[in-house]
Amino acid sequence: MSRLITNYYEVFSIILFGIGFSTLLFHSNLIKKIIGMNIMDTAVFLFFAAKGYIEGKDAPIIRGEFKEAASYINPIPTSLMLTGIVVAVSVTAFALALTIMIYKEYGTIELDEISEKEETGWK
Amino acid sequence: MNDIILKEIGKIVIPYIQIFGIYVIFNGHLSPGGGFSGGTVIGASLVLYKLIYGPEMIKKIINYKIVMHSMSIALLAYGILKGYSFITGGADLHLFQIPLGTPGNILSGGLLLPLNIAVGIIVGFTIFAFYSLFDEGEL
Amino acid sequence: MEIFSIIMLLFLVGCSIAVSITKNLLASIIIFMSYSLIMAILWEILNAPDLAITEAAVGAGITTLLFVLTLKRVRGVKK
Amino acid sequence: MKIIMSVTLSLILIIILLFGVAELPEFGDPNSPVNNYVSQRYLDKGLEETGAMNLIAGIILDYRAYDTFGESTVLFTSVICVLALLKGTGGKS
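Residues numbered from 1 in each chain as written. Chains lettered and ligands numbered in written order. Predicted model: local features only at pLDDT ≥ 70, side-chain atom pairs only at ≥ 80, totals over all residues. Heavy atoms only, no water.

Trainee: I'm lost on the pattern of salt bridges in this one. Help?
Mentor: A side chain with one charge can pair with a side chain of the opposite charge if their charged atoms come near. Counted according to the given criterion, the structure contains six salt bridges over all chains. With a shortest N-O distance of 3.8 Å, Asp62(D) and Lys82(B) are connected by a salt bridge. One end of the pair, Asp62(D), is in helix H3 (residues 55-63); the other, Lys82(B), is in helix H4 (residues 64-90), on a second chain. Here Asp62(D) falls in the partly exposed class, since its relative accessible area comes to 25%. With a closest N to O distance of 3.0 Å, Asp135(B) and Lys72(C) form a salt bridge. Of this pair, Asp135(B) sits in helix H5 (residues 112-136) while Lys72(C) sits in helix H3 (residues 49-76), on two different chains. The class of Lys72(C) is partly exposed, set by a relative accessible area of 48%. (Salt bridge = Lys/Arg side-chain N within 4 Å of Asp/Glu carboxyl O. Helix = DSSP H or I, 4+ residues; strand = E, 2+ residues; numbered from the N terminus. Buried < 20%, exposed > 50% of the residue type's maximum accessible area, 1.4 Å probe, protein only.)

Right, here's the structure in full:
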């Protein structure tokens, strides 16, 4: 259990993941749900980037001349998460476009009102 | 938008933003940056241009045809260049290899610079297309 | 440096809770933008400058722009 | 009711995941299993094989270039999808 104090980056990223998950669950507003999904995304990215960090070593960018390989941090999690950020943006844009279309169809973006209108057959 | 202050400040600021974006793309293999962040900066400058001068001004330069054609051409160029590199790298074909150059110069690193430019074009036009589609439903 | 990063992480948790409990949608979008900026600072601490540049341009700029435009479309038709 | 349910659910999730974090290797440990031979190979040979001073650019555009190709395709596809959804909806009111 003492690892919970030294691994503070991972602990905070899991707490952020939980906050994003509850935001995704209990709001009925669609924009709030998309923000919650983005918070979950960034929490996962923070977890991965924290796994690649090594104490007291440089960023993997050669300044001047090449030092030995043991003086740079692990570059793989950084490059994988660079892919993830851009994909997250395109997913967000698609979700927001669907939100606009839902508004044009139902006149609201609250999920409770949408399901009420579906039940009563408002068309 | 007919604000004279916005227009005059935009004339000064927008070229610097675009030059900074081009710098970030072209130095992607030497310093932090690369196609994704530089393309986002250039897309942001296009968004600012459209915000200040209105949709009629930018429609002469960047319209639906330009956006779609340049994105498709950049994607195809990426695939063809990298496919060529995979063929010459793996098999023993003795085709022409792109020279790597001295590390530290702008023109070095073989295919890294053209690939960065292709990714930058795709990302920049993506940002611009998102903005104009969300704003008024047209490209 | 450890204390600074713990303070920044506490800011992150505070920002995400504030996003969840704010009633006004525009205010919660702006708080989410500051969340992204603090995340960019954290990536600079974690020695990942590429991620920091991309997050500051994409997360704080483009995502906020898309959210605000969607809010304008959703509210603007009602009036 | 809904709030209590969801907060309880995410608290259970957080506690289960924290049990996993307690077993992970220490933060900033040079000998953790993440730093295996793959990253050593990239750091050793990256400069002479790709010619990039920024090793991350060397990884995402040379060693794992088809990964970035797929990502560009995702961006292009999302532009097409947003175009199909929002074209001609006329936001000016």
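Trainee: What am I meant to see in helix H1 (residues 4-26) of chain B here?
Mentor: Turn by turn, an α-helix covers 3.6 residues, leaving residues three or four places apart pointing in a common direction. All names here are of chain B. Taking 1.5 Å of rise per residue, the 23 residues of H1 would be expected to cover 33 Å, and the 34 Å separating its terminal C-alpha atoms lies within 8% of that figure. By the largest-angle criterion, Gly10 marks the main kink of H1, which is about 35°. Among the residues of H1, Gly10, Ile14, Gly21, Val24 and Ile25 are the ones counted as buried. Contacts from the buried residues of H1 go to helix H2 (35-53) and H5. (Expected span 1.5 Å × (residues − 1). Bend = angle between axes of the 7 residues up to and from the residue. Contact = heavy atoms within 4.5 Å.)

Trainee: Sorry if this is basic, but what is going on with the nonpolar core here?
Mentor: One broad rule of soluble globular proteins: the nonpolar side chains tend to lie buried together. Among the nonpolar cores identified, the biggest contains 97 residues, and Tyr9(A), Leu46(A), Phe134(B), Leu42(C) and Trp43(C) are the most heavily contacted of them. Listed in part, the eight residues of the second largest apolar core include Ile62(A), Leu43(D), Leu47(D) and Leu55(D). (Core = buried A, V, L, I, M, F, W, Y, C linked by side-chain atoms within 4.5 Å.)

Trainee: What's the story with the side chain of Ser6(D) in this structure? I'm lost.
Mentor: With respect to the helices, strands and loops of the structure, Ser6(D) is situated in helix H1 (residues 2-21). Setting aside anything within four residues of it in sequence, one finds Ser6(D) in contact with Ser22(A), Leu25(A) and Phe26(A).

Trainee: Help me understand helix H2 (residues 25-45) of chain C, please; the structure alone is not making it clear to me.
Mentor: All names here are of chain C. With 21 residues, H2 extends 31 Å from end C-alpha to end C-alpha; this agrees with the ideal 30 Å at 1.5 Å per step. Leu25, Ser28, Ile29, Phe32, Tyr35, Ser36, Ile38, Met39, Ala40, Leu42, Trp43 and Ile45 are the residues of H2 that are buried. Where H2 begins, the capping side chain belongs to Asn24, and its oxygen is found 3.3 Å from the backbone nitrogen of Leu26. Asn47 sits one or two positions beyond H2 and adopts a positive phi of about 65°. (Polar contact = N/O pair within 3.5 Å; in protein donor to acceptor, adjacent residues only side chain to side chain.)

Trainee: How should the side chain of Lys33(A) be read in this particular structure?
Mentor: Residue and element names in this part refer to chain A. Residue placement: Lys33 occurs in helix H3 (residues 30-52). Of the side chains with opposite charge, Asp112 lies nearest to the buried Lys33, which makes no salt bridge, at 8.0 Å. Polar contacts involving the side chain of Lys33 include one to the main-chain carbonyl oxygen of His27, which spans 3.2 Å. Beyond its immediate chain neighbours, meaning those up to four positions away, Lys33 contacts Leu24, Leu25, His27 and Leu111. (Lys, Arg positive; Asp, Glu negative; His and termini not counted.)

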